[in-house]
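Each chain, written out:
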Amino acid sequence: MNSRPPSLLRALLRSLLWPSLIAIAAGLVLSFWTVRQEYDEMLDIGLNNKAHLLLENLTMQDEGILGLSEVSDLLAFEARILDPEERTLFWYIDSEGHILQRSGLATPDMMPREQPEGFFTEHDYRFRVLSAEGMPKRRIVVGEPLVERNEAMRDILAGVMLSFAALVLIMAYAASRALQGAARKIDGLSEDIAAKSEHNLSPIDRAFSFAEFEPAIDTLDELMARLDAAINAERDFATVAAHELRTPVAICLAQAQRLKATAATEADAAKAAAVEQGLKRLARLIERLLQLSRAQSGLGTDAEADDLNMVLRLLLSELSERKPKALRLNILPPEGVYMSHINPDAFGIILNNLFDNALKYSDGPQGIVIDASQAGVITVSNDCDALTEQEIQEIKQRFGRKSNLADGYGLGLSIVQALCEQTGCDFDIFSPMIGQTRGFVARITLP
């Protein structure tokens, strides 16, 4: 069981999105790390400034320049604008660890155990330990809660992630639209190539092409040009050969008929009749080859519509005149006018081949029935032995016959089928006739 081929659209989309997602993830991590470092550095500068300010004021208090209330007032504004868990803590301690002064919320249990000089983080606080200049036995520990830092970083991370998510969606949408547009152009190119046939080998439409496809399209155009030249040469040879053969065959046929008429003995007349029959069969073959050549040349539709019922009535009248007297023929003629763009010559070739096929193989008491009473539908039925499904498929092929002994060449139905494909007619054949065990039916449905 053949597996479904992979989708080019999905493969390209994945190849574009995965590197983009990796780059975006790396950019997200790098952006977050950079912002975190710069934001912490900025807040650490503020914390450092606050520690220097507090230490300087406390030192001035020790020297009697400031009073206690003045130092406490330095952070009094935080009580008005910040929640308790967001306020700054500080401890002013001596070398032995005794707390000389502290802020209102700075309890001893919240003071860090280790107090190295500089910055460190503990108890969800960012601390700055600073020793007083000229008073090495005094130092201050100032702490700011990490609540605002963490909240700010969460907001920044969420904003960056949303921005990158929006970017991913926009990129995916843009890539999908671009790839779908390319896929539509490729579909158009495929449809244009699929429309090519032995009747249409024109250059491929470059409106659906990409620069990368141009070499392949140039190669296809060159191939179709060579193929078109070969097909035209073959058609021209068949047409010219058939035309050239008609005249000598007609001359030979006239001479054979003359010999038959002037034969001195019955044996000579029989020989002349055999030659006449062979020449007539050759003439029919030449006529079929000419019809096949016209079918292959693209004979199909005209720009102007014609009344096909008038052509059909004329062909039915000719059929009534040339049928054997012993053969039963039942005709349901068409009514009114049926306008169509089908070429009348092509329509005539289709019907004549169907009529000849019915005349050739009808061998039952019911004879031939031609039903043209339904507008746009012609059904030709003849009484004969029923065909198997395999035989039906064989007679659809060129040179396919029900029997090698039959007086035919196996070209009639293939010509009908080729012309029906060009004109847009539906051609159906089946055997036996509906509701019976015998017969053969060919039905043409005009567009």
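Residues numbered from 1 in each chain as written. Predicted model: local features only at pLDDT ≥ 70, side-chain atom pairs only at ≥ 80, totals over all residues. Heavy atoms only, no water.

1. Describing the overall build of the protein
- The number of helices and strands found in the protein is 10 helices and 12 strands.
- Buried residues in the protein amount to 35% of all 447 residues.
- As displayed, the protein offers around 26,500 Å² of accessible surface, 58% of which is attributable to carbon and sulfur atoms. (Helix = DSSP H or I, 4+ residues; strand = E, 2+ residues; numbered from the N terminus. Buried < 20%, exposed > 50% of the residue type's maximum accessible area, 1.4 Å probe, protein only. Areas by Shrake-Rupley, 256 points an atom, 1.4 Å probe, with all protein chains shown as cover.)

2. Considerations on the packing of helix α8 (residues 344–361) against helix α10 (residues 412–423)
- For the pair α8 and α10, interaxial distance at closest approach is 9 Å and the crossing angle is 150°. By the angle class used here, α8 and α10 are roughly antiparallel. Once α8 is placed against α10, the crossing between them reads as left-handed. Judged by residue contacts, A346, I349, I350, N353, L354 and N357 of α8 engage G412, L413, I415, V416, L419, C420 and T423 from α10. (Axes fitted to C-alpha atoms, helices over the stretch in contact; angles between N-to-C directions. Parallel < 35°, antiparallel > 145°, perpendicular 65-115°, else oblique. Left-handed = near helix turned anticlockwise from the far one by under 90°. Contact = heavy atoms within 4.5 Å.)

3. What to know about the sheet that holds strand β7 (residues 329–332)
- Taken together, the five strands give an open sheet; going across it, the order is β7-β9-β10-β12-β11, and neighbouring strands pair in mixed fashion. Across the chains shown, the open sheet's two edge strands, defined by having one partner strand only, are β7 and β11 (426–430). Within this sheet the neighbouring strands show an average axis-to-axis angle of 10°, counted without direction.
- Relative to strand β12 (residues 440–445), strand β10 (residues 377–382) runs antiparallel, the two sharing six bridges. Counted as the bridge partner of V380 is A442 from β12.
- Running at roughly 165° to β7, helix α7 (residues 308–322) makes contact with β7, β9 (368–371) and β10 of the sheet. (Pairing = 2+ DSSP bridges.)

4. Details of the nonpolar core
- By size, the foremost hydrophobic cluster in this structure holds 38 residues, and its most contacted members are F347, L354, I378, F427, I444 and L446.
- Among the secondary structure elements, those contributing two or more residues to this core are α7, α8, β9, β10, α9 (389–395), α10, β11 and β12.
- Element by element, the count of residues in this core is highest for α8, at eight residues.
- Excluding its chain neighbours within four sequence positions, the residues that come into contact with I378 are L312, F347, L351, I370, D371, A372, A442, R443, I444 and L446.
- Ranked by size, the runner-up nonpolar core spans 12 residues in total, among them L47, L55, I140 and V142. (Core = buried A, V, L, I, M, F, W, Y, C linked by side-chain atoms within 4.5 Å.)

5. Thoughts on the packing of aromatic side chains
- By the definition in use, this model includes three aromatic pairs.
- Taking the centre distance of 5.5 Å and the plane angle of 25° together, the rings of F120 and F127 count as stacked.
- Take F127: its relative accessible area is 0%, and that puts it in the buried class.
- Linked through ring pairs, W91, F120, Y125 and F127 together constitute an aromatic cluster.
- A cation over an aromatic ring shows up here: R128 above the ring of F119, its NZ or CZ 5.0 Å from the ring centre. (Phe/Tyr/Trp six-rings, centres within 6.5 Å; stacked < 30°, edge-to-face > 60°. Lys NZ or Arg CZ within 6 Å of the ring centre and 35° of its normal.)

6. Overview of a nonpolar patch on the surface
- Together, I193, L220 and L223 make up an exposed nonpolar region whose accessible area comes to about 230 Å².
- Within the secondary structure, L223 sits in helix α5 (residues 214–261). (Patch = residues over 30% accessible without salt bridge, like charges linked within 9 Å, V, L, I, M, F, W, Y side chains within 5 Å. Salt bridge = Lys/Arg side-chain N within 4 Å of Asp/Glu carboxyl O.)

7. Section: the environment of F119
- With respect to the helices, strands and loops of the structure, F119 is situated in strand β3 (residues 118–122).
- Sequence-wise, F119 and N48 are 71 residues apart; in three dimensions their C-alpha atoms are separated by 8.8 Å.
- Among all residues touching F119, those that are not within four sequence positions of it are D44, L47, N48, R126, F127 and R128.

8. Quick look at the pattern of salt bridges
- Considering all chains together, one arrives at nine salt bridges under this definition.
- E144 is the partner of K50 in a salt bridge, and the nearest nitrogen-oxygen pair spans 3.1 Å. With a gap of 94 residues between them, K50 in helix α1 (residues 8–62) and E144 in strand β5 (residues 135–145) connect regions that are remote in the sequence. Both residues of the pair, K50 and E144, belong to the buried class.
- For D383, the salt bridge identified is with R438, shortest N-O distance 3.0 Å. Highlighted residues: D383 in the loop between β10 and α9 and R438 in the loop between β11 and β12, separated in sequence by 55 residues.

9. As for unusual backbone geometry
- In this chain, S431 is followed by P432 through a cis amide linkage whose omega measures 0°.
- Structurally, the position occupied by P432 is in the loop between β11 and β12.

10. A few points about the environment of V147
- By secondary structure assignment, the location of V147 is in helix α4 (residues 147–194).
- Residues V147 and E86 lie 61 residues apart in sequence; the distance between their C-alpha atoms is 6.9 Å.

11. Let's talk about α10
- For α10, spanning 12 residues, the distance from its first C-alpha to its last is 17 Å, which sits close to the expected 16 Å at 1.5 Å a residue.
- Within α10, the full set of buried residues consists of G412, L413, S414, I415, V416, L419, C420, Q422 and T423.
- Directly beyond the C-terminal end of α10, a positive phi value near 90° is found at G424. (Expected span 1.5 Å × (residues − 1).)

12. Focus: a negative patch on the surface
- Together, D83, E85, E148, E151 and D155 make up a negatively charged patch on the protein surface.
- Here D155 lies in helix α4. (Lys, Arg positive; Asp, Glu negative; His and termini not counted. Charge placed at Lys NZ, Arg CZ, Asp CG, Glu CD.)

13. What to know about α8
- Between the first and last C-alpha of α8 there are 26 Å, a value that for 18 residues agrees with the 26 Å anticipated at 1.5 Å per step.
- Taken together, the buried positions of α8 are A346, F347, G348, I349, I350, L351, N353, L354, F355, D356, N357 and A358.

14. Thoughts on the side chain of R149
- Looking at the element boundaries, R149 is found in helix α4.
- Overall, R149 belongs to the buried group, its relative accessible area being 4%.

By themselves, these figures tell us nothing about what the structure is for.
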